[in-house]
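Residue-level listing of the chains:
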Amino acid sequence: MKRFIGLIISIALLIGILAGCAGVPNSPSPVTKASQPEENDLETEKWPRTYADVLGREIVLEKKPERVALLFFRNFEHLFLLDESPIAATDMNVLDEWVSLAPYKDNDIADLGSITNPNVEINPDLIIMVSSRFGDYGEKLEKIAPVITVDSNENNWQGAIRDYGKIFGKEQKAEDEIARIEALIADSREKLKEYGDKTFGVIMLGDKQFWAFTTQFVFNKENGLGLQPPSKMWTCQQKGSRFR
């Protein structure tokens, strides 16, 4: 019985990690009046800056983005992790369906519809979209605001956080969060070693869909949780695909 309870706790720990990098919002650190001008000066020195996106396009950011339209639902967590929030986004249903995003579901975020056909009827100062969609409507969106494309590779979560750190001028915050998450993964890997003879699957159930995820850190023996995947799922991972 104790072993079974331990297994349940470990699986819960795994789900907590999979739930995302965002977690519960941190309480803001107190800022004294004396330190405020100095921090503002440091923030001002970061701008303007030129950002090279995943397609090799160079986008000049005159100031820190304040009104961001996010057209890639998977990266909600990266913004929230850096204490940022878009003013509008596509695929807003994930705020209700993903446990990791529950603390942010009441944020004031306008719904832009689906990622396949976003309706950007707002006044953003920056649009962030997945690179694979740029050919569909990216040039049209550039007439509204600067557009930055990001990678859709879910296994490169560190790189994604660093990219958002560059976009918002929060490089050190990004590195701090990466270090925190990597330490959490390493600690969890040690705790899950006793279940090395078991196989695990990570799934998401939708209304009419069954997705099997093969996120790298779950099965990576060195940098992930080191869990053993079922043979069929491992085949899908090797091919870089999902099944449903």
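Summarised in this report is the structure supplied together with it.

Definitions and cut-offs
- Residues numbered from 1 in each chain as written.
- Predicted model: local features only at pLDDT ≥ 70, side-chain atom pairs only at ≥ 80, totals over all residues.
- Heavy atoms only, no water.
- Helix = DSSP H or I, 4+ residues; strand = E, 2+ residues; numbered from the N terminus.
- Contact = heavy atoms within 4.5 Å.
- Areas by Shrake-Rupley, 256 points an atom, 1.4 Å probe, with all protein chains shown as cover.
- Core = buried A, V, L, I, M, F, W, Y, C linked by side-chain atoms within 4.5 Å.
- Buried < 20%, exposed > 50% of the residue type's maximum accessible area, 1.4 Å probe, protein only.
- Salt bridge = Lys/Arg side-chain N within 4 Å of Asp/Glu carboxyl O.
- Phe/Tyr/Trp six-rings, centres within 6.5 Å; stacked < 30°, edge-to-face > 60°.
- Lys NZ or Arg CZ within 6 Å of the ring centre and 35° of its normal.
- Pairing = 2+ DSSP bridges.
- Right-handed = clockwise from strand over helix to strand, strands pointing away.
- Axes fitted to C-alpha atoms, helices over the stretch in contact; angles between N-to-C directions.

1. Brief notes about the overall build of the chain
Part 1: Counting secondary structure elements, the chain contains nine helices and nine strands.
Part 2: Look at the contacts in the chain between residues 6 or more apart in sequence, and 57% of them connect residues 24 or more apart.
Part 3: Total accessible area on the chain is roughly 14200 Å²; 52% of this is exposed by carbon and sulfur atoms.

2. Quick look at the nonpolar core
Part 1: Membership of the largest hydrophobic core comes to 57 residues, with the highest contact counts inside it found for Phe76, Ile127, Ile128, Leu141, Ile148, Tyr164 and Ile167.
Part 2: If we skip the residues at most four places from it in the chain, isoleucine 128 touches Val68, Ala69, Leu70, Leu71, Phe72, Ile148, Val150, Tyr164 and Ile167.

3. Remarks on unusual backbone geometry
Part 1: Between tryptophan 47 and proline 48 the backbone carries a cis peptide bond, its omega angle lying at -5 degrees.
Part 2: Relative to the helices and strands, proline 48 resides in the loop between helix H2 (36–45) and strand S1 (49–52).
Part 3: Residues other than glycine seldom take positive phi values, yet aspartate 83 does so here, at roughly 65 degrees.
Part 4: Inspection of the secondary structure puts aspartate 83 in the loop between helix H3 (76–81) and strand S4 (88–89).

4. Examining the pattern of salt bridges
Part 1: A full pass over the atoms with the stated rule returns 14 salt bridges.
Part 2: For arginine 57, the salt bridge goes to glutamate 142, with nearest N and O atoms at 2.4 Å. With arginine 57 in the loop between S1 and strand S2 (58–61) and glutamate 142 in the loop between helix H5 (134–141) and strand S7 (147–150), this pair connects stretches of sequence that are 85 residues apart.
Part 3: What makes arginine 57 buried here is its relative accessible area of 18%.
Part 4: The exposure class assigned to glutamate 142 is partly exposed, which follows from its relative accessible area of 36%.
Part 5: For lysine 191, the salt bridge goes to aspartate 187, with nearest N and O atoms at 3.2 Å. Here the residue lysine 191 and the residue aspartate 187 both occupy positions in helix H7 (residues 171–191), the gap between them amounting to four residues, near one helical turn.
Part 6: Its relative accessible area of 47% is what places lysine 191 among the partly exposed residues.

5. Digging into the packing of aromatic side chains
What characterises a pair of aromatic rings is the spacing of the ring centres plus the angle enclosed by the ring planes.
Part 1: Per the stated rule, a full pass over the model turns up four aromatic pairs.
Part 2: On the numbers, 5.8 Å between centres and 20 degrees between planes, the contact of phenylalanine 76 with phenylalanine 80 is stacked. With phenylalanine 76 and phenylalanine 80 both in helix H3, this residue pair falls four residues apart, about one helical turn. This pair shows no difference in class: phenylalanine 76 is buried, exactly as phenylalanine 80 is.
Part 3: Clustering of aromatic rings is evident, with ring pairs tying together Phe72, Phe73 and Trp98.
Part 4: Over the face of the ring belonging to tryptophan 47 we find arginine 49, whose NZ or CZ atom lies 4.6 Å from the ring centre.

6. Focus: the pairing of strand S3 (residues 68–71)
On a regular strand, each side chain points to the face opposite its neighbour's, so the side chains alternate between the two faces of the sheet.
Part 1: The two faces of S3 match: Val68 and Leu70 on one face and Ala69 and Leu71 on the other face are all buried.
Part 2: With four bridges connecting them, S3 and strand S6 (residues 126–130) associate as parallel partners. Across the sheet, leucine 71 pairs through a bridge with methionine 129, a residue of S6.
Part 3: Regarding the hand of the β-α-β motif, the stretch spanning S3, H3 and S4 is right-handed.

7. So, the sheet that holds S7
Part 1: Overall, parallel pairing links the five strands, which are arranged S5-S4-S3-S6-S7 in an open sheet. If you trace the sheet from one side to the other, it starts and ends with strand S5 (110–111) and S7, each paired once.
Part 2: Across the face of the sheet, H5 comes into contact with S3, S6 and S7 while running at roughly 175 degrees to S6.
Part 3: On the sheet, helix H6 (residues 157–168) packs against S3, S6 and S7 and is oriented at approximately 165 degrees with respect to S6.

None of this, on its own, says anything about what the molecule does.
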